[in-house]
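Secondary and tertiary structure notes
Chain by chain, the residues:
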Amino acid sequence: MRALLVPSGSIELSPVELLLRQLGVTPTLARDEEAAITAFRLSPFPLVLLGMDEAGDRIVLVRALRACPRGMQASIVLVAHPEQVERLKPLLDAGADDFLLLPLDEASATLRLRLAERRSAERPQPMPDDFELDGLCAVLLRESPVPTCITTREGSAFVEVNDACTRLFGYAREEMLWRTAKDLNLWETPVEPDRLGAIFREYGVVRGVESRVRAKSGELRHVLVFSGIAEYAGTPHVVTMFPDLTERKQMEARLLLADRMASVGTLAAGVAHEINNPLAYVTANLGYAHEELVRLLERGAVAAPEGAPAASPLKPVCVALGEALHGADRVQTIVGDLKTFSRETQEPLRAVDVKKVLDRTLNLASGEIRHRAKLVKEYGDVPPVRGNDSRLGQVFLNLLVNAAQAIPSDGDADSHEIRVTTRLTAPGQVAVEVSDTGAGIAPELLGRIFDPFFTTKAPGVGTGLGLSICHNLIHAMGGELHVHSDLGRGTTFQVLLPSATTPVEESVPEPRPAVTAGGPRGRVLVIDDEPMLCSAVERILRPHHDVVYTTLAAEVLPRLEAGEHFDLILCDLMMPRMNGMDFHAALQRLRPDLTGRVIFLTGGAFTAQAKTFLERVPNRRVEKPFNARALLAVAREVITTPG
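Residues numbered from 1 in each chain as written. Predicted model: local features only at pLDDT ≥ 70, side-chain atom pairs only at ≥ 80, totals over all residues. Heavy atoms only, no water.

**Thoughts on the overall build of the protein chain**
Filter applied, for reference: Only DSSP runs of H or I with at least four residues qualify as helices, and only runs of E with at least two residues qualify as strands; both kinds are numbered from the N terminus onward. Think of it in three bands: with a 1.4 Å probe and only protein chains considered, a residue is buried below 20% of the maximum accessible area for its type, exposed above 50%, and partly exposed in between. Every residue pair with non-hydrogen atoms within 4.5 Å of one another is taken to be in contact. The accessible surface values rely on the Shrake-Rupley method and a 1.4 Å probe; as for residues, cover is taken only from the protein chains in view.
Regarding its fold elements, the protein chain presents 22 helices and 22 strands. Relative to its 643 residues, the protein chain shows a buried fraction of 44%. Taking all contacts inside the protein chain whose residues are at least 6 apart in sequence as the whole, residues at least 24 apart take part in 65%. For the protein chain, the exposed area adds up to about 32,900 Å²; of that, 54% sits on carbon and sulfur atoms.

What follows is the structure in structure tokens.
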């Protein structure tokens, strides 16, 4: 038997060499680690003895020897001083088999060397250098798309791996052969091979057990593990297959998230409706109080108390109410912007002012942006584009949120920038660009960012659907979506849109009427399931009209059927039990003469039925929240209209 001896600066192996010669073993001395590896590669040794160095670090050499051809057959024995015992465990974990302590106890050392000799002899012999698979085995192993490996029963060293296996783990075939999964740290946790080994010992096979393995890059992959015993080159070996489930797992997770996101549009409209109801009576009451206070102050009805300053103490109250109204208007604007993103994609294309769409979208994205970067707007002089404002808003919001999330949330917003630019790139073509100074996108990923379900974000943060949807929406509007990125410097998304051939249809705001008692006094019926909204409307209309209100539409039908007359009916569209649509249908049967005097109060028609209904009937509608002036104006208009 032959043995390779590798001494160190602190370990003299001459006593070991003498004992080996007495046992009939032929020793070969290597002056250093490099010489040891070279000698082992030229002619593998069944026994290797390594002297511990002063740092106790021989892990690299142990792993290198194990990685050599036939390295798994060798018995590696460490030689150390007693004070180095605590440093032995990492080397034993790395692949060393045993150890000897100096000074040698001849009886004990002899026994350990004999065990090392037996261990080497009992280990499976390696494949012949000229061994090749042929026939069906070659096809199944080498051509299979399923990652497959063959390992020794003792030691679990790789003796063959197919191309799919090397792609899964990211190692070259030469890097894997004659090394173990433990050497390469292929399992997610150290206990995983023990778990699978217990299953294998109990059942003799492993059938489809889910596990996670670690590639060379550190990426974790989900796999199924199938293992069994098969004869390979005349010797029993373990054959293991690792079908890769990673893409399927990612798809399942994204589909679950996409399923939740599918209802976001409907939820947005529903949330807007729920906000608009209380916001309506908040705005109405604030408006009423503010108007009344302004009127009293203008008339001088509130005199300053004796000895008080000439300025009325109620003026600051009036200012405070005005600021509260301004805040309510801001909430109303945000809710209106939110409703924009819940509209159907089938809306027709028309002329759109991209600057207004961008400003509305920036209002929604400001909370995401302000803590990460400075916002810079560079709006060039561009014509209207042919598109859809709600879909463009959806695209711009996605690009802005992506830009914000590409920038670290470390609180250093002054050092980063998100720039929004509009410019004319060619006659008839408008460009909108969203740029950030974030992490950028790797060149090898740029070609995939518009693929459905592809994302570079962490699980739970992104679905991989946003950019794909944006690309489809822009393409449907006859435009293009491009991306340019420098890794580590930032990304720019460019939206190219055709300019419109018709001007933007500007919505002319209704004049702000004065709150006056002009016009005839009428009878007004208010139907809304929010009692406080009914009270707010009654408070606004009471000085000018007689008001009756109810929270249940069905309760008032008998009175109407009996002939009770109202000059105006303000009816909520979305209510429990009987909604505005059902009330209108009942009124059409019982009192068709009153159907034209119905004005619908709506906080958002977020069902297909409600949208169709409002498109079909000619009745006026008042969007919640509303102010006192607008409500009085529309009430006067309907009440003074004959018939």
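**Thoughts on the pairing of strand S5 (residues 98-101)**
Quick note on the threshold: A crossover gets the label right-handed when its path from the first strand over the helix to the second runs clockwise, viewed with the strands pointing away from the viewer.
By the alternation rule, side chains of S5 split into Asp98 and Leu100, which are all buried, and Phe99 and Leu101, of which none is buried. Crossover handedness for the path strand S4 (residues 75-80) to helix H4 (residues 89-94) to S5: right-handed.

**Some remarks on the sheet that holds S4**
In plain terms, the rule: Here, any two strands with at least 2 DSSP bridges between them count as paired. Orientation is described by axes fitted as lines to C-alpha atoms, over the contacting stretch for helices, and by angles from 0 to 180 degrees between their N-to-C directions.
Taken in spatial order, the five strands of this open sheet run S2-S1-S3-S4-S5, and their pairing is parallel. A strand with exactly one partner marks an edge of an open sheet, and here the two such strands are strand S2 (26-29) and S5. Within this sheet the neighbouring strands show an average axis-to-axis angle of 25°, counted without direction. Note that strand S3 (residues 47-51) and S4 share five bridges and pair parallel. By the bridge assignment for S4, Leu47 is matched with Ser75. On the sheet, helix H3 (residues 59-67) packs against strand S1 (2-6), S3 and S4 and is oriented at approximately 165° with respect to S3.

**Side note on the packing of aromatic side chains**
One pair of aromatic rings is described through two measures. These are the centre distance and the angle between the planes. Threshold: Any Phe, Tyr or Trp ring, taking Trp's six-membered ring, that has another such ring centre within 6.5 Å forms a pair; planes under 30 degrees apart are called stacked, those over 60 apart edge-to-face, and the others tilted.
Per the stated rule, a full pass over the model turns up three aromatic pairs. With a centroid separation of 5.4 Å and 80° between ring planes, the pair formed by Phe600 and Phe613 is classed as edge-to-face. Taken as a pair, Phe600 in strand S21 (residues 598-602) and Phe613 in helix H21 (residues 608-616) lie far apart in primary sequence, 13 residues in all. Classification of Phe600 by relative accessible area gives buried; the value is 1%. Phe613 sits in the buried class, given a relative accessible area of 4%.

**Here we look at the pairing of strand S10 (residues 235-241)**
Relative to S10, strand S6 (residues 148-152) runs antiparallel, the two sharing five bridges. Bridging from a neighbouring strand, Thr152 pairs with His237 of S10. Note that strand S9 (residues 220-232) and S10 share seven bridges and pair antiparallel. Along S10, the bridge assignment pairs Glu231 with Pro236.

**Description of the pattern of salt bridges**
Cut-off, in case you're wondering: Whenever a carboxyl oxygen of Asp or Glu lies within 4 Å of a side-chain nitrogen of Lys or Arg, that contact is scored as a salt bridge.
Under the counting rule described, the total for this entry stands at 26 salt bridges. The partner of Glu538 in a salt bridge is Arg542, and the shortest N-O contact between them spans 3.5 Å. We classify Glu538 as buried; its relative accessible area is 18%. A salt bridge links Asp572 to Lys624, with the shortest nitrogen-to-oxygen separation between them at 3.2 Å. Of the two residues, Asp572 is situated in strand S20 (residues 568-572) and Lys624 in the loop between strand S22 (621-623) and helix H22 (628-639); the sequence distance between them amounts to 52 residues. Each member of the pair, Asp572 as well as Lys624, carries the same accessibility label: buried. Within the structure, one salt-bridge network assembled from shared partners comprises Glu219, Arg221 and Asp244.

**Observations concerning helix H15 (residues 389-405)**
Since the α-helix turns once every 3.6 residues, residues separated by three or four places project in the same direction. Using the following cut-off: Multiplying 1.5 Å by the helix residue count minus one yields the expected span of that helix. A 3.5 Å cut-off defines polar contacts: any pair of N or O atoms within that distance qualifies, except that in protein one atom must be a possible hydrogen donor and the other a possible acceptor, and neighbouring residues in sequence count only when both atoms are side-chain atoms.
Here H15 contains 17 residues, and its C-alpha end-to-end distance of 24 Å stays within 8% of the 24 Å for a straight helix at 1.5 Å per residue. Burial within H15 is extensive, with twelve of its 17 residues counted as buried. Asp389, Ser390, Arg391, Leu392, Gly393, Val395, Phe396, Leu399, Leu400, Asn402, Ala403 and Ala404 are the residues of H15 that are buried. A distance of 2.8 Å separates the backbone nitrogen of Arg391 from a side-chain oxygen at the start of H15, and that oxygen is part of Asn388.

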